[in-house]
Amino acid sequence: MDNLEEDLTCSVCYSLFADPRVLPCSHTFCKSCLDNVLQVSAVYSIWRPLRLPLKCPNCRSVVELPPTGVDALPINVSLRAIIEKFQKDSQPQPPSCPEHHRQPLNIYCVQDRQLICGFCLTVGQHQGHPIDDLQAAFIRERQAPTHLLGRLSDHRWAKVRELGEQLEQEKASCEGLVRQDRQAVEQYFQGLELVLARKKEAFMGALDTASMEVSLAYDPLIQRLKELQEEQLDLLSLGSAVEDEDSPLVFLEKVYLFRERVEALVNATLPEVTSLAITPRAAEYLEQHWVGVTIGGLEEGPVPRVCCCAKPTILKTVLRTEAGSQPGGWVHDLWQQLHPTPPVVLLGLLLLLAAVWVNPVGGASLGFSLLSQLSQVVHGLSSELTTSLWETTGFLYAQTGEVVWRYSSALSTLGENTYQKLASLYKTLSS
């Protein structure tokens, strides 16, 4: 085909012959090319009147043309027909099916979003799939990007931004609490920096852990919202690009991918704003556990395990320290919990403790009964007092169980020792 195209090319313009005309010397040129050559020759012509000289660009022979010029030359009809056939065969043919030889791809499979042939639809792997005309599907989906962009409403964008700002504020608040605790720790340990260096480092490590927990709790949510914002901006840009696509097949593929991304973004679950509490607070913990610590007991000074959790609605758990529970610590905590409790409630709880002390089994049953009656009385109080009393009762009952367990263990040990001593005395008397 390349050699044929070379033979069908004009030697003047180096393009396919356009309206080929034959000179008397049998050479063929385009009519427009001969007109240009004739104009140049006529300028310097001293030829006889009513005759136009034309020099052949190939053989340089001079030809006389009538006054009508190049129009008087005969048309190379055979060459023109060959050129027309060559141009027709050179046009791109519709693609054929790779699975079925010489079958044109003239059917659009809606399910697989690709062109198929008739055999693919009837006996091939696309059998039973929904089909459509490519141009009809293109026209039908032409407005799809506009509708999909309409679903990315400003209201959702504002909601995402608002949630992001709330999460940022919550994180800043929690980090502010951590910074306050750092300042309290700094002020408390200034005078004893050499002795308290290890304790200070341990305390700071606990606060660093709390700060890390804050970051772990909020950073993924904030990052998720930022990703949603970036995805929406990307889709807004992508929607405009999809609308400008001219190829039907590429357009339909892009619309399909664009629809999937829009659906995924619209249906994405937005995170909830969670409020965390830093417990225990450093200033309160130091006031309770470090005021009575002497210089000699600094090594046993407790360091809390600071944690971040949801704001509690029940009684606070007793802190577990590195040095363990100090003697009388649980009694002190118990008194701190019972101190604001009304005397009537304390009296009832003391009666319950006495009953458990005398008869552990019956006392436990009595305890459950009294707790049940006490709960009925407590529910009649105001909501704030009810919450405080109920939490205090639960704490006292837990401490009472520990007392009963210790008391039972002591009685069991005492009984075993007494039995051994009596047995030893009996053997001595018998001998």
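Residues numbered from 1 in each chain as written. Predicted model: local features only at pLDDT ≥ 70, side-chain atom pairs only at ≥ 80, totals over all residues. Heavy atoms only, no water.

- Going by what an unreviewed UniProt entry lists, the chain is known as Tripartite motif-containing protein 59 and is assigned to Salvelinus namaycush.

### What about the overall build of the chain?
- The helix and strand tally for the chain stands at 14 helices and nine strands.
- Expressed as a percentage of its 431 residues, the buried residues of the chain come to 30%.
- Intrachain contacts of the chain at a sequence separation of at least 6 include 60% that bridge at least 24 residues. (Helix = DSSP H or I, 4+ residues; strand = E, 2+ residues; numbered from the N terminus. Buried < 20%, exposed > 50% of the residue type's maximum accessible area, 1.4 Å probe, protein only. Contact = heavy atoms within 4.5 Å.)

### Observations regarding the confidence of the model for the chain
- Confidence in the prediction of the chain, expressed as mean pLDDT, is 75, and 69% of residues score 70 or more.
- Counting interchain partners and residues more than four positions distant, the pLDDT-below-50 stretch residues 312-342 has 36 contacts.
- Segment residues 360-388: pLDDT under 50, and 22 contacts once partners within four positions in sequence are set aside and those in other chains are kept. (pLDDT = per-residue confidence, 0-100.)

### Thoughts on the packing of helix α8 (residues 197-243) against helix α9 (residues 248-266)
- Following both chains from N to C, one finds α8 and α9 inclined at 155°, their axes separated by 10 Å at the closest point. Here α8 is positioned roughly antiparallel relative to α9, judged by the angle of their axes. Remark: the crossing between α8 and α9 carries left-handed chirality. Contacts from Leu228, Glu231, Gln232, Asp234, Leu235, Leu238, Gly239, Val242 and Glu243 in α8 reach Phe251, Lys254, Val255, Phe258, Arg261, Val262 and Leu265 in α9.
- Residue composition of the contact of α8 with α9, by class: nine nonpolar, two polar and five charged. (Axes fitted to C-alpha atoms, helices over the stretch in contact; angles between N-to-C directions. Parallel < 35°, antiparallel > 145°, perpendicular 65-115°, else oblique. Left-handed = near helix turned anticlockwise from the far one by under 90°. Nonpolar A, V, L, I, M, F, W, Y, C, P; charged D, E, K, R; others polar.)

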